[in-house]
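Observations on the three-dimensional arrangement
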Amino acid sequence: MNGYAQVQMHIHLPVGWLYRGGITIILLYNLLKLRDERWWGYFILMGLTFILSIIYWLTRVNVQLTYEIQTIFRIVYILLMIVFFKVNIRKVFAADVVGWIANYGFLIACCITFSYLTGFGNHSYGENYGFGTKSFFTAGNDIGLALVLSSVFSSMVLFRKRTVSNLLKFLLVIASCSFIGSRVGLFGALIVFSISCIYFVFFYHPALTKEKKQKRVMVVMIVPMVCYGAYLFAYHLFSMFDDYTLNRIAMDSIASARDNLQEAAMKYIKSLEGLSAILGKGQESLSKAIAHSTNVYAFTNQYKGAEADFHDLIGSYGFWGGTLVLAPFIYFPIRSLLVFFHHRNITQFWGVFVFSAFIVISYSAGHAIMNVMVAPIYGFSVIYFLTNRNKQKTIV
C-alpha cells in the first residue's frame with residue numbers, strides 16, 4: 001500500500017526505506033561470512049572506487065551526499081543479494097526457493113489482476129490515456145520485470161508438478177504481466193508463454209508411461225484450449241488499447257523508446273574529461289544534465305536519468321566506475337550460455353533467458369540493476385543456475 005499512498009495520496013511513508021535498510025543490514029552481515037577471495041576482491045575494489053569518487057565529487061562538484069550514497073546502496077543491493085544466497089547455499093538448496101519465487105510472482109499477479117478488474121490502484125500512465133495498472137506499486141517497469149522473471153519460475157514449478165492449480169497460477173502471472181501495459185510486461189509474457197508451450201509440445205519427454213499418456217491427452221485437448229484462450233485474451237487486450245498504447249508498442253516506438261534520454265546521456269558522457277570521465281560526477285549531475293537537455297524538467301518538475309542502466313551507470317560513475325558495476329551482469333549471461341552448452345536442458349535454458357533478458361532490459365529500458373523487487377530473484381538465479389549441485393559449489 002506504500003506505492004498507493006505515494007501516487008494517489010501524495011504521502012511518502014518511510015516504509016520502503018526502512019524495509020530495505022533492515023534487509024541491507026542483514027545482507028551486510030552475510031557479506032562478513034563470505035569466504036570467496038574473488039568476490040571480496042571485487043567488493044574492495046568497488047568500495048575504494050566509490051570512496052575515491054565521492055571525495056572527487058565533493059571537491060569538484062556540488063553534490064547531495066545523502067542522495068548519492070542512497071543511489072550507491074541501491075546499486076550494491078542486488079550484489080549483496082547474490083552474496084546472501086551464495087553464503088547460504090546449503091539452506092537455499094534445502095528449501096524450495098523456486099516455489100517461493102513462483103508464489104511471490106503469484107501474489108504480485110493477484111494485486112495487478114485485482115486492480116485491473118476493479119480499477120482500484122495506480123494507473124501505469126494517465127487516468128485518461130494509456131492502458132495498464134501498477135496496482136499498489138509505484139513503478140510499472142520495475143514490477144513488470146519482476147513478474148516476467150517470476151513467470152519463469154512459475155513455469156518451472158508447473159513442469160515439476162503438473163496440476164491444475166499450478167497451471168492457473170502460471171497463466172495468471174502471464175496475464176498480469178500484460179495488465180501492466182508496459183513493453184517489458186507485454187513482450188516478456190509472450191516470450192515466456194511461447195517458450196513454455198513449445199517446450200511442452202516438442203521437447204518435454206516424461207519418463208513414466210502414465211505421464212506419457214497424460215502428455216498426449218494434454219497436447220490433444222488442453223494445449224489447443226490454452227492457445228485459443230491466449231488468442232481470445234490477446235484480442236480482448238488489444239481492443240482495450242488506445243492510440244497512445246498502440247504507439248508505444250509499435251516497432252518504431254520500441255526502437256526509439258528512450259532515444260532522447262539516451263542521446264542526452266551520451267552527449268553528457270562525451271563532455272566528461274580527465275578524472276570526471278574515469279569516476280564521473282555522480283547521479284545527480286547526470287540527471288540534471290539530461291533534464292535540461294531534453295526539457296523534461298519543464299514538463300515533470302523532476303530530474304530523470306537516461307532510464308537505461310548502461311548510460312546511467314557510466315554517466316554517473318565514469319567509464320571505470322560504471323564498467324566495474326556492469327561487469328558481473330555482463331559476465332553472468334555469458335557464463336550461463338557456456339553452462340547451457342554443456343548441460344542442454346530446460347533449466348539451464350531458463351538460466352540463459354533470465355540473465356539475457358535482464359541485461360537486454362538493463363541496456364534498453366533500465367529499471368534492472370537498481371530494481372529492488374528483482375534483486376532477490378536475480379540473486380537466487382545466479383546461485384541456482386550457476387551452481388554445481390553435486391558439490392553445492394558456485395562457479396561464480
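Basis of the calculations
Residues numbered from 1 in each chain as written. Predicted model: local features only at pLDDT ≥ 70, side-chain atom pairs only at ≥ 80, totals over all residues. Heavy atoms only, no water. Helix = DSSP H or I, 4+ residues; strand = E, 2+ residues; numbered from the N terminus. Buried < 20%, exposed > 50% of the residue type's maximum accessible area, 1.4 Å probe, protein only. Contact = heavy atoms within 4.5 Å. Areas by Shrake-Rupley, 256 points an atom, 1.4 Å probe, with all protein chains shown as cover. Axes fitted to C-alpha atoms, helices over the stretch in contact; angles between N-to-C directions. Parallel < 35°, antiparallel > 145°, perpendicular 65-115°, else oblique. Left-handed = near helix turned anticlockwise from the far one by under 90°. Expected span 1.5 Å × (residues − 1). Polar contact = N/O pair within 3.5 Å; in protein donor to acceptor, adjacent residues only side chain to side chain. Phe/Tyr/Trp six-rings, centres within 6.5 Å; stacked < 30°, edge-to-face > 60°.

Our focus in this paragraph is the overall build of the protein chain. Looking only at helices and strands, one finds 19 helices and 4 strands in the protein chain. Of all 396 residues assigned to the protein chain, the portion counted as buried reaches 50%. Long-range pairs, those at least 24 residues apart, make up 75% of the contacts in the protein chain between residues at least 6 apart in sequence. Total accessible area computed for the protein chain in this model is approximately 20,200 Å², and 65% of it derives from carbon and sulfur atoms.

As a packed pair, helix α17 (residues 309-342) and helix α18 (residues 346-364) sit with axes 8 Å apart at the nearest point and diverge in direction by 165 degrees. Judged on the interaxial angle alone, α18 and α17 are roughly antiparallel. When you trace α17 past α18, the crossing you get is left-handed. Where α17 approaches α18, its residues D309, F310, H311, F329, I330, F332, P333, S336, L337, V339 and F340 are matched on the opposing element by Q348, F349, G351, V352, F355, S356, F358, I359, S362 and Y363.

Attention now goes to α18. Relative to the 27 Å expected for 19 residues at 1.5 Å per residue, α18 spans 26 Å between its end C-alpha atoms, a close match to the ideal helical length. For α18, the complete set of buried residues consists of Q348, W350, G351, V352, F353, V354, F355, A357, F358, I359, I361 and S362. For α18, the capping residue at the N-terminal end is N345, with a side-chain oxygen 3.1 Å from the backbone nitrogen of T347.

With the rule as written, the count across this model stands at 28 aromatic pairs. Aromatic pair F84 and F85: ring centres 5.4 Å apart, planes at 80 degrees, arrangement edge-to-face. For F85, a relative accessible area of 9% corresponds to the buried category. Plain terms: the ring middles of F159 and Y199 are 5.1 Å apart, the flat faces sit at 80 degrees to each other, and that makes the pair edge-to-face. Linking F159 in helix α7 (residues 140-160) with Y199 in helix α9 (residues 183-203), this pair joins segments that are 40 residues apart in sequence.

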